[in-house]
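Fold and geometry: a report
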Amino acid sequence: MADAGSPAPADTLPAAPLPMIREPVAPRPHVVLVGGGHSHVQVLRRMMMRPWPEVRVTVVLDTPVAVYSGMVPGFVAGQYRASELEIDVVPLARLAGAEVILAPAVGVDPQARRIPLEGQAPLAYDFVSFDIGSTVAGLDLPGVRERARATRPIARLVREIGTLSESFLAHEAARPFEVVVAGGGAGGVELAFTVRERLLAAARGAGLERALRITLLQALPEVLIGFPPSLAMRARRNAAARGITIRTGESVAAVEEGRVRLESGEVVAADSLIWAVGAGSLDIFRDSGLPLDERGFVLTLPTLQTVDDDRIFAVGDCATLRDWPATPKAGVYAVRQGPFIADNLRRVVAGRPLRSYRPQPDFLTLLNLGDGHALGAKWGTSFEGRWVMNLKDRIDRKFMRKFQVLDDGGGTTGEFSRMDRSAMEAMVCGGCAAKAGQTTLDLALGRLREELGAGPDGGDGRVRLGLEQSDDAAAFATPRGDVVVSSVDWFKAFSGDHWLNGKVAAANALSDLFATGAQPRYAMALVNLPEEQSVKERAETLYQLLAGARSLLDDRGISLLGGHTTVGPELTVGFSVEGHPIGERLLTLEGLEAGDGLYLTKRLGSGVVLRGVMLGQGRGAWLQSATAQMVRPNEAAARAAVAAGLCAATDVTGFGLMNHLAEMLRASRVSAELDVSALPALPGAEELLRSGLRSTAHEQNRRIAKAIRIEPEASHHPRLELLFDPQTAGGFLAGVPEAQTEDFLGRLREANVEAVRIGTAVPRPEDGAVATIGRGSP
Ligand SMILES: Cc1cc2nc3c(=O)[nH]c(=O)nc-3n(C[C@H](O)[C@H](O)[C@H](O)COP(=O)(O)OP(=O)(O)OC[C@H]3O[C@@H](n4cnc5c(N)ncnc54)[C@H](O)[C@@H]3O)c2cc1C
């Protein structure tokens, strides 16, 4: 035996420091991209080609879809479908490894290094880049905002252009339908030509005779200023050939009903006014303290950094280059800045010198005339013809192919389909899809009951809902006789938007109390912060989670009292919640009776939609719908159920509709007949399920299929799999006796809650099937 002073024997552990498993790592810089414009989509694409794991990138979007303006005139003319000019930035960002926040940025606070967001907590950044485009100038002229169709936001123009054709077709007056296009730049000229094609085609398609007059008003002495003069001549010649009037030196002073008043005092008839007078600045930088040009665009250096703050970058229309202030606000510049901003963001993070961007002195201009012809200009000369339109079409489509991840049918396009997604596919879903399976729970609880018995209930029968029941919440009476309803629920974060994770986790936890007919009063947070985050990141993550939760709890008078925070491998968030019964008695699983209608208040499919989005296979719009539903607690449904005197309810979460319903059916000793075609689906859920995609928990949820009867006509129905899809903060499922149906549904309608009858409770069949899934009226 060695004494204390002798050297360590060879088999003792080395004296090297032990790895500090829970110590935070070096902070990962947070780069925020605000807007999914022409430059930022290139940053994302380059991240796909060259991953950037040492940096956390978040894209902030006011809307998931960015519209490529170069093809908008073609869309107006009817040459393209809307989807052909849209870039869904959400799948692009996911494939690039970036997180997405769907909330408009409303400013920038350079001192605090935060981006204020509409409706949610400000987002902290280390470096931020803005590519948010512009608005159209002159919107404050009298009547313009109310009466004109503005070219910005361009997505709205695309959405609303159909109404122009409707007005034209509905125009039955003897005089021609008057369209005025204000603005003689490239956009205005293209729109004057392409609107004409759209309207004439609409009249032809409807078999109607309609007279049309188009007038282009330009304040400057000539159209297409800044382009070779011969291009303007070509535009004039083509306009004259098509009966389009061009009036130069004419400025609009005001817009009135059916007419436009010019500064000269003249009044011009206008059944429709298209406002294309050039770019105006968005007011996002107004209160930032950053230097702006005289029109309100933020000033930038050749490095694309803002003049006074080298952590803030701005590209495209929203910025004016200090050294080249006359650079036009045109997509071609935003496109050329893409590689520079992508490169400079990497360089600034790495502390390397930045590259300088110098605007190209000339570029290829191609103007779509809407009838298969286009005008073009380059190097001081101009040209026109069908070949010019073919060239434009080829260039535009090639550009779009680089960014359109999904096709119209939801399939993955071209090179994106060849990307290796195995690492992403191996990732376990977040949200309630990460719940331990029903079988795990049944096995453990069954053994607990068997080996340890029911357990003490305080000895005085005060436990109303405990381990003996499988209800959504526990309930017990205090010594003074008040009933307390309590539950706890948490999940693995499903989004990089931690404010959203917090809000949905709160809605999800409250759902258990609402399903029991209880009003929550207090909440405690249970958070596990990722060990790979630095202290600063963890503090920000925790703040975002709790702020998101508070945005939902505070409004309902529910106090967040405290909680417990740990550090571990992954981010989990949840709440323990406590409250009191809303009415005289609680809603339970066991009150269902044969004949009760089964009503569900939310659409199914959040599990597969979140999975799809995670893998870059889900559309941004699908994420938006799923999110809007998940943050809505089931409060109104619980109140309606209690007021209507219902007995049986549950909430649909991680086990999927069929397992949650099965719990109700077992507890109530009945069965159910469900109509598969009545199952309400979230947008995108059916498409993704049909493609074979499944959320992580789907297969374990599907084990219940052995206990249900699926009629042949339902077995191939695209909605069948919705029964097993795990839901995060899913809907309220209630059994509603015939006599109470009108009352219950009336109350839901008043509260603006949609409910769908998915089936009926029936006596247990002889074969013992938990439920029968058919296809027909429930
Ligand atoms: C009808 C028409 C045709 C045109 N045709 C051409 C053409 O052929 N060639 C050409 O070079 N130029 C053309 N232009 C001009 C061109 O549209 C713009 O110069 C170009 O879109 C600017 O690109 P961008 O990247 O700066 O911004 P955008 O392309 O406008 O992209 C900005 C993005 O940021 C998002 N966003 C905005 N605000 C926020 C916010 N607060 N928070 C988060 N996200 C936000 C928007 O949804 C948008 O997706 C045309 C313009 C019009 C109106």
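Within each chain, residue numbers correspond to sequence positions counted from 1 in written order. Residues qualify for local features only when their pLDDT is at least 70, as the model is predicted, and side-chain atom pairs are given and counted only at 80 or more; totals for whole chains, interfaces and linings, by contrast, use all residues. Based on all heavy atoms of the structure, the side-chain values leave hydrogens and waters out of the count.

Brief notes about the overall build of the protein chain
- The way it works is that DSSP assigns letters per residue, a run of H or I at least four long becomes a helix, a run of E at least two long becomes a strand, and they are numbered from the N terminus. Looking only at helices and strands, the protein chain has 22 helices and 38 strands in total.
- For the protein chain, the C-alpha radius of gyration of 31 Å lies close to 28 Å, the compact-globule estimate for 778 residues.
- The C-alpha extent of the protein chain, read off along each of the three principal axes, is 95 × 85 × 50 Å.
- Under the scheme applied here, a residue whose accessible area is under 20% of the maximum for its type counts as buried, over 50% as exposed, and between as partly exposed, the area being computed with a 1.4 Å probe on protein chains only. Across the 778 residues of the protein chain, 55% fall into the buried class.
- Long-range contacts, defined as pairs at least 24 residues apart, comprise 75% of the intrachain contacts of the protein chain with a sequence gap of at least 6.
- Accessible surface, the protein chain as shown: approximately 33,700 Å² in total, 52% of it carbon and sulfur.
- In this tally, Asp and Glu contribute negative charge and Lys and Arg positive charge; neither His nor the terminal groups of the chain are included. The location of each charge is read from NZ of Lys, CZ of Arg, CG of Asp or CD of Glu. In the protein chain, the 84 positive side-chain charges and the 92 negative ones have mean positions that sit 6 Å from each other. Radius of gyration here is computed from C-alpha atoms only, and the compact-globule reference equals 2.2 Å multiplied by the residue count raised to the power 0.38. Note on contacts: a residue pair qualifies if any of its non-hydrogen atoms lie within 4.5 Å across the two residues. All accessible-area figures derive from a Shrake-Rupley calculation using a 1.4 Å probe, and residue coverage is judged against the displayed protein chains alone.

Comments concerning the pattern of salt bridges
- By salt bridge we mean one thing: a side-chain nitrogen of Lys or Arg within 4 Å of a carboxyl oxygen of Asp or Glu. Under the counting rule described, the total for this entry stands at 39 salt bridges.
- Between Arg-322 and Asp-323 there is a salt bridge, with the nearest N and O atoms lying 3.0 Å from each other.
- The class of Arg-322 is partly exposed, set by a relative accessible area of 43%.
- Ionic pairing is found between Arg-447 and Glu-451, a salt bridge with its closest N-O pair at 2.8 Å. Taken together, the residues span about one helical turn, with Arg-447 and Glu-451 both in helix H12 (residues 438–452) at a distance of 4 residues.
- You can call Arg-447 exposed: its relative accessible area is 55%.
- If you follow the salt bridges from partner to partner, you end up with Arg-81, Glu-84, Asp-393, Arg-397 and Asp-408 in one network.

Focus: the pairing of strand S8 (residues 127–130)
- The alternating pattern of S8 places Phe-127 and Ser-129 on one face and Val-128 and Phe-130 on the opposite face, and all of these are buried.
- When strand S1 (residues 30–34) meets S8, the two strands line up parallel, connected through 4 bridges. Bridge pairing in S8 links Val-31 to Phe-127.
- For two strands to pair, DSSP has to find at least two bridges joining them. Pairing between S8 and strand S21 (residues 309–314): 3 bridges, direction parallel. When the bridges of S21 are listed, Phe-130 appears paired with Ala-314.

Examining the sheet that holds strand S32 (residues 597–600)
- Here we have 7 strands laid out as an open sheet, ordered S33-S36-S32-S37-S34-S38-S35, and mixed in their pairing. Where the open sheet ends on each side, the last strands, each with one partner, are strand S33 (649–651) and strand S35 (709–710).
- Sheet topology places strand S34 (residues 671–675) next to strand S37 (residues 756–762); 4 bridges connect them, and they run antiparallel. Following the sheet pairing, Leu-674 is matched in S37 by Gly-759.
- Axis lines are fitted through C-alpha atoms, for helices just across the contact stretch, and the angle between N-to-C directions can take any value from 0 to 180 degrees. Helix H13 (residues 498–515) contacts S33 and strand S36 (732–736) of the sheet and is inclined by roughly 175° relative to S33.

Observations concerning the packing of helix H1 (residues 40–49) against helix H8 (residues 331–350)
- In contact at an axis separation of 8 Å, H1 and H8 are set at 50° when each is read in the N-to-C sense. Relative to H8, the element H1 lies oblique. Judged by the sense of rotation from one axis to the other, the crossing of H1 with H8 is right-handed. Taken together, the residues of H8 that come into contact with H1 (itself represented by Gln-42, Val-43, Arg-46 and Met-47) are Ala-334, Val-335, Gly-338, Pro-339, Ile-341, Ala-342, Leu-345 and Arg-346.
- Classification convention: Asp, Glu, Lys, Arg as charged; Ala, Val, Leu, Ile, Met, Phe, Trp, Tyr, Cys, Pro as nonpolar; all other residues, Gly among them, as polar. A per-class count over the contact of H1 with H8 returns 8 nonpolar, 2 polar and 2 charged. Note on terminology: angles under 35 degrees are roughly parallel, angles over 145 are roughly antiparallel, angles of 65 to 115 are roughly perpendicular, and the others are oblique. Each crossing is labelled by how the near helix is turned from the far one, with a counterclockwise turn of less than a right angle marking it left-handed and a clockwise turn marking it right-handed.

Overview of the site of the ligand
- Neighbouring residues of the ligand: 29 residues in total, closest Asp-62, Ser-69, Asp-131, Arg-152 and Asp-317.
- Under the rule applied, a polar contact is a pair of N or O atoms within 3.5 Å (in protein, one hydrogen donor and one hydrogen acceptor; residues adjacent in sequence only if both atoms are side-chain atoms). Here Asp-131 contributes a side-chain N or O atom positioned 2.7 Å from an oxygen atom of the ligand.
- A distance of 3.4 Å separates an oxygen atom of the ligand from a polar backbone atom of Ala-330.
- When isolated, the ligand has an accessible area of 990 Å², and the protein chains bury 86% of it.
- Secondary-structure elements contributing two or more residues to the shell around the ligand are strand S2 (56–61) and H8.
- Considering every element that reaches the shell around the ligand, the biggest residue donor is H8, with 3 residues.
- Here the shell around the ligand is built from residues that sort into 13 nonpolar, 11 polar and 5 charged. Distances are taken per atom, and a residue is near a molecule or strand as soon as one of its heavy atoms is within 4 Å of it.

Concerning the pairing of strand S15 (residues 259–262)
- The side-chain alternation of S15 yields one buried face, formed by Val-260 and Leu-262, and one unburied face, formed by Arg-259 and Arg-261.
- Pairing of strand S14 (residues 252–256) with S15, which is carried by 4 bridges, proceeds in the antiparallel orientation. Counterpart to Val-252 in the pairing with S15 is Leu-262.
- What sits between S14 and S15 in their antiparallel hairpin is a turn of 2 residues, with Gly-258 showing a positive phi close to 75°.
- With 3 bridges connecting them, S15 and strand S16 (residues 267–269) associate as antiparallel partners. Residue Val-260 lies in a different strand from S16, and its bridge partner there is Val-268.

Structural notes on helix H22 (residues 738–750)
- Here the expected span of a helix is defined as 1.5 Å times the quantity of residues minus one. Here H22 is 13 residues long and its end C-alpha atoms lie 19 Å apart, about the 18 Å a rise of 1.5 Å per residue gives.
- Every buried residue of H22 is listed here: Gln-740, Thr-741, Phe-744, Leu-745, Gly-746 and Leu-748.
- In the core, the buried residues of H22 are packed alongside S32, helix H17 (635–643) and S36.
- Asn-752 occupies a position one or two residues after H22 and carries a positive phi of about 65°.

Remember, this is a structural readout, not a statement about activity or role.
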